[in-house]
Amino acid sequence: RMVPMYAPGLPLLMAPLRRVAGANAVYLVVPALAGLTVWLTFILGRWLDGEATGIFAALWMASSPAFLSSSFNPLSDVPPTAWWLTALVVSFRPAVGWAAVAGIATSVAILTRPNLAPLAVLIALPFARLWASPSRAVGRGGALVVFLATASAGPLVIAALYNYWFGSPFTS
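The following refers to the structure shown.

### Digging into the overall build of the protein chain
(1) Moving on: Within the protein chain, the regular secondary structure consists of 9 helices and 0 strands.
(2) Moving on: Relative to the compact-globule value of 16 Å for 172 residues, the protein chain shows a C-alpha radius of gyration of 17 Å, a close match.
(3) Moving on: For the protein chain, the spread of C-alpha atoms along the three principal axes comes to 55 × 40 × 30 Å.
(4) Moving on: In the protein chain, buried positions account for 37% of the 172 residues.
(5) Moving on: Taking contacts inside the protein chain between residues at least 6 apart in sequence as the whole, the part at least 24 apart equals 69%.

Have a look at this one:
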C-alpha cells in the first residue's frame, strides 16, 4: 500500500484552501506563513530588546537566502517555523486565551514536523511558571491546562495516522 513519506501538516493546511479557492491557491500557504514569520520575528525582537532589534531581526529573516528560497516553494520548512514562532510569541502572554492559541499553533507545528514535538515543553514553561507561582491569580493555572489540551491534539492525530498507515503510532 502507498503512504506519504512526509508529515500531513502542510497538506492538511492546503486542502481547505484548495477546496475554497482552487488548485493554485495552495501555493499561497507557504508565502503567507513566511510573512507571518517575518512579522512575528519583528514582534519578538521588539519585546526582547526594542524597536531597532525587532526591525533588524525581521529584515535579517526576510533577506535570508535560505528563508527566501523556502518561502516560495510548497515545502514544509517555513510552516513549522511560523507555527513555533506563533506559539513562542503568544506564550509571553500567559493567559487562557493565549494558551489556546499557543496550543493550536504547537499542534499544527507538530503535525507539520513531528520530530520537533519536544519544543512544546519550552512553550509550556511560561504557563507552568504562572501556574506554579504562589502569587498567581485565581484561574490563571487554567492556562497550562488549556495549553496542554490544545497542544496534545497534534501528537494524537499524528499517532492515529501513523497507527493507520504503519501499524503503530510510534512508527513513521
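What follows continues from the structure just given.
### Some words on helix H8 (residues 142-151)
Think of an α-helix as 3.6 residues a turn; residues three or four steps apart then line up on the same face.
(1) Moving on: Three or more residues of H8 are buried, namely Ala143, Leu144, Phe147 and Ala151. Buried residues along H8 cover an arc of 100 degrees about the axis, so they all sit on one side.
(2) Moving on: The elements touched by buried residues of H8 are helix H6 (96-112), helix H7 (120-132) and helix H9 (153-166).

### Here's the deal with the pattern of salt bridges
(1) Moving on: For the structure shown, the criterion picks out 1 salt bridge.
(2) Moving on: The salt bridge partner of arginine 113 is aspartate 77, with a shortest N-O separation of 2.6 Å. Of the two residues, arginine 113 is situated in the loop between H6 and H7 and aspartate 77 in the loop between helix H4 (65-71) and helix H5 (78-91); the sequence distance between them amounts to 36 residues.

### Notes on H6
(1) Moving on: Here H6 contains 17 residues, and its C-alpha end-to-end distance of 24 Å stays within 8% of the 24 Å for a straight helix at 1.5 Å per residue.
(2) Moving on: If you follow the buried residues of H6, they end up packed against helix H1 (9-21), H5, H7, H8 and H9.

### Let's talk about the environment of alanine 143
(1) Moving on: Among the structural elements, alanine 143 can be located in helix H8.
(2) Moving on: By relative accessible area, alanine 143 is classed as buried at 0%.
(3) Moving on: The sequence separation of alanine 143 and alanine 128 amounts to 15 residues, and the corresponding C-alpha distance is 8.4 Å.
(4) Moving on: With residues up to four places along the chain from it excluded, the contact list for alanine 143 reads Pro94, Ala95, Val96, Ala99 and Phe127.

Cut-offs used in this document
- Residues numbered from 1 in each chain as written.
- Predicted model: local features only at pLDDT ≥ 70, side-chain atom pairs only at ≥ 80, totals over all residues.
- Heavy atoms only, no water.
- Helix = DSSP H or I, 4+ residues; strand = E, 2+ residues; numbered from the N terminus.
- Rg over C-alpha atoms; globule rule 2.2 N^0.38 Å.
- Buried < 20%, exposed > 50% of the residue type's maximum accessible area, 1.4 Å probe, protein only.
- Contact = heavy atoms within 4.5 Å.
- Arc of directions from axis to C-beta.
- Salt bridge = Lys/Arg side-chain N within 4 Å of Asp/Glu carboxyl O.
- Expected span 1.5 Å × (residues − 1).

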